[in-house]
Structure formats: structure tokens, C-alpha cells
Amino acid sequence: MNALTTLLGTEHPLIQAPMAGVQGAALAVAVSNAGALGSLPCAMLAPDALERELTALAAGTQRPYNVNFFCHTPPEPDEAREAAWRFWLAPFYEQAGLDIDAVPAGPGRVPFNRAAADLLERFRPKVVSFHFGLPDIDLLERVKGWGSVVLSSATTVEEARWLEAFGVDAIIAQGVEAGGHRGMFLSDDITEQMGTFALLPQVVAAVSVPVIAAGGIADATGVAAAMALGASGVQVGTAYLCCPEATTSAVHRAALQSDAAHHTALTRVFTGRPARGIVNKVMRELGPMNPAAPHFPLATAAMAPLRAHWEARGSGDFSPLWSGQNASGCREVPAAELTRELVQGLRSGPAAH
Ligand SMILES: Cc1cc2nc3c(=O)[nH]c(=O)nc-3n(C[C@H](O)[C@H](O)[C@H](O)COP(=O)(O)O)c2cc1C
């Protein structure tokens, strides 16, 4: 037991990272039932799917779980930008025999809003976590008001201080090794992003709430190392991607378990925001941080048909193959088994390292 398990109500201070697009309630249920904190990512769920997944989660476990939302500010649609991006993508459409003019523009991901809060209030999850800062103060107060513990990701010391000032109960220090989207929200300067073992001790020194380490932690030794650097707990994402309870696609699973996973990069070509994935054809040919991509999440729409076309042919050349820099923990083992292995790193304690 430590400050974080007391806060979360879990047996272990271990969180399975919410991972939008590659998992639903099943993975979260398995992890929560194994004594850690399972997470349901909601950023890509339409209202009916959100209700279905929340119902499955509540029915699947009596233990605490986390429900996760993005809280970005949606951008104004920008036709000129969209047209310029389609110009970049046109050769790929032509090669695939697809019609770029038939692709509707659209967001793909919605931020936490009143409708989601209305639904969430019925479930009152023990924990709610946010990515890209926090929602408006009235929404945040509602979530706190019904008793959920609130977490959010910080990628710099300044973001950690900001989150503490706005009343989060614990902070996820997300190092630049982490898979998926950078949670960055105070700055879009990628050069400010730090590795987990540089960021973690500095965040621990800067705030008084518990700090959860995330990014590059793939096994019990990594868990122990993060705890030795002052973390109150850890959040692990990539290592869970090949568990049978995850919905990770076949091409994504294959890439994670191949040498291709040794080369990841931050890219904005899939959504418009920097996110870490395994380098593939479209990242290489457009340039991973191509500045022409529409603002998050508007870049999602034009990439989707290319992704679907090539995945149907067994290729991940146009798929977001999200992965952290350390995919060595990715194995086809049940999530409960992986959870049991990871918590061994909590048992050894800092003194052993
Ligand atoms: C496939 C994938 C999807 C992700 N989606 C989300 C998400 O929806 N919400 C979120 O807060 N974090 C998301 N993340 C980031 C994780 O919360 C976490 O920071 C990261 O997985 C930790 O690093 P690791 O992948 O090296 O373990 C995602 C990560 C991955 C790998």
C-alpha cells in the first residue's frame, strides 16, 4: 500500500494505459480483476459505443477502473489546409485506386463534453484520466463532485505544476519514449519533451501529489527502476498491445513483435498531433512531422481510407502502428499474466536496485 493505491483503491500501483483504437472494456476488466487499474479509452467512442463499453466494464469487474478522455480544443475547419494535405496524399490515393474527393472531412476524435459527463455520472468510475490537459472547469468540477479521482498526463515540469494547481489527484509523467499521443498541452515545442528518467524525478521534486511514471516501462525491472526514481506507481501501455484481450490489428501485432519495432518516431501525419509509432511507408515518404497535416484531430479523415485499403491487403504501410520505444514486453499472454509479471517489480522495492 502507498499513497497511490490508497487513492485508486487498487491492490497494486500499476495502471494499464488507456489506448484508444486498440482496446475496449475487455482489457480493462482483465487488468482490474488482476488487482491493478484497468483503463477504458473513450476518445474514439461514439455515444452509443461509450455506453456499451461502460456497461461492459461495470458488469465485468467489482474493482476500481479508469475511464479516459481527450480534452483538446477542436480546431476550426480550414479548407485551404485540408486541400493542401489532400494534394500531398493524392499520389497514394492514385496508387491505391481510391477517390480522394469522396473522403468526408471530419474530426475522428471528440473531447470530453457534457453528453459524456451525463453518461459517466451514471457509472461514477473510481478514476477518470485526461490526456491533453484538463476539461473546462465546470466539467472538471462535475467529475470531482461525484467522487472520481482525477489523473492527467504531464510531459514537462511546467505541465505537472499546472495540473497540480488545477486540482488533479495524481500526475502521469509521460516520457518521450511513450507510445501513442504525447499528452503535451502547454506548448507544442517538441524539443521540450523529456525522457521518462529525466522527467520523472524532476516532476516528483516539483509537485506534492503522487506521480505515475509512463513511457518505456515494459517489464518488472523497468517498474522497479521507475519506483526507485520516486514514482508512486507506473502506467504501462505498449506491453499490453499483444494481449489477447486487446483489439490490436494483425498488422500492428506483427510489427510490434518484429525488428521494425526498434525504429519508432513521433509523427503527426495520422491525426495532426505528435504521437509515437513504428516508422512505416507513409511516415517515411511524407516526413513524420510533416507541417502540412491538418490540426488534430482533422488529419485522421484523409488517412483512414488508405489505412483500410492496405490493411485489407495485409499491409501496415498506412496504419498508425502506435508503439513506445520499448516494445520488448509485447507478447501474446493474457493481460492478467502480464499484470502479475509487472507487479513483481513493485515487490523488489527501491532498496534492491
Ligand atoms: C496504442 C496506444 C494508444 C494510446 N492511446 C491513449 C489514449 O487514448 N489516452 C491516453 O491518455 N493515452 C494514450 N496512450 C498513451 C499511454 O497513456 C501511455 O502514456 C503510454 O502507453 C506509456 O508508454 P509505453 O507505451 O511505452 O508503455 C496510448 C498509447 C499507445 C501505445
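Up top is the structure these notes are about.
Residues numbered from 1 in each chain as written. Predicted model: local features only at pLDDT ≥ 70, side-chain atom pairs only at ≥ 80, totals over all residues. Heavy atoms only, no water.

A.B. asks: Got a minute to help me understand the site of the ligand in this structure?
C.D. replies: Around the ligand, 22 residues are found, and the nearest of them are Pro18, Asn68, Gly216, Gly237 and Thr238. Glutamine 174 is positioned such that a nitrogen or oxygen atom in its side chain is 3.0 Å from an oxygen atom of the ligand. The contact in question runs from an oxygen atom of the ligand to an N or O atom on the backbone of glycine 179, over 3.2 Å. When isolated, the ligand has an accessible area of 600 Å², and the protein chains bury 99% of it. Residues that form the shell around the ligand fall into these classes: eleven nonpolar, eleven polar and no charged. (Near = heavy atom within 4 Å. Polar contact = N/O pair within 3.5 Å; in protein donor to acceptor, adjacent residues only side chain to side chain. Areas by Shrake-Rupley, 256 points an atom, 1.4 Å probe, with all protein chains shown as cover. Nonpolar A, V, L, I, M, F, W, Y, C, P; charged D, E, K, R; others polar.)

A.B. asks: How should I be thinking about the pattern of salt bridges in this particular structure?
C.D. replies: Once their charged atoms are close, side chains differing in charge can pair, the charge on each being opposite to the other. Counted by the stated rule, this structure contains ten salt bridges. In this structure, arginine 122 and glutamate 51 form a salt bridge, with 2.8 Å as the shortest nitrogen-oxygen distance. Note that arginine 122 is positioned in helix H5 (residues 114-123) and glutamate 51 in helix H3 (residues 47-60), a separation of 71 residues in sequence. Overall, arginine 122 belongs to the exposed group, its relative accessible area being 56%. For glutamate 51, a relative accessible area of 33% corresponds to the partly exposed category. The salt bridge involving arginine 331 is made with glutamate 341; its shortest N-O contact spans 2.5 Å. Here the residue arginine 331 occupies a position in the loop between helix H12 (300-311) and helix H13 (335-348), and glutamate 341 occupies one in helix H13, the gap between them amounting to ten residues. In the salt-bridge network here, residues are joined through shared partners; they are Asp118, Glu121, Arg124 and Arg142. (Salt bridge = Lys/Arg side-chain N within 4 Å of Asp/Glu carboxyl O. Helix = DSSP H or I, 4+ residues; strand = E, 2+ residues; numbered from the N terminus. Buried < 20%, exposed > 50% of the residue type's maximum accessible area, 1.4 Å probe, protein only.)

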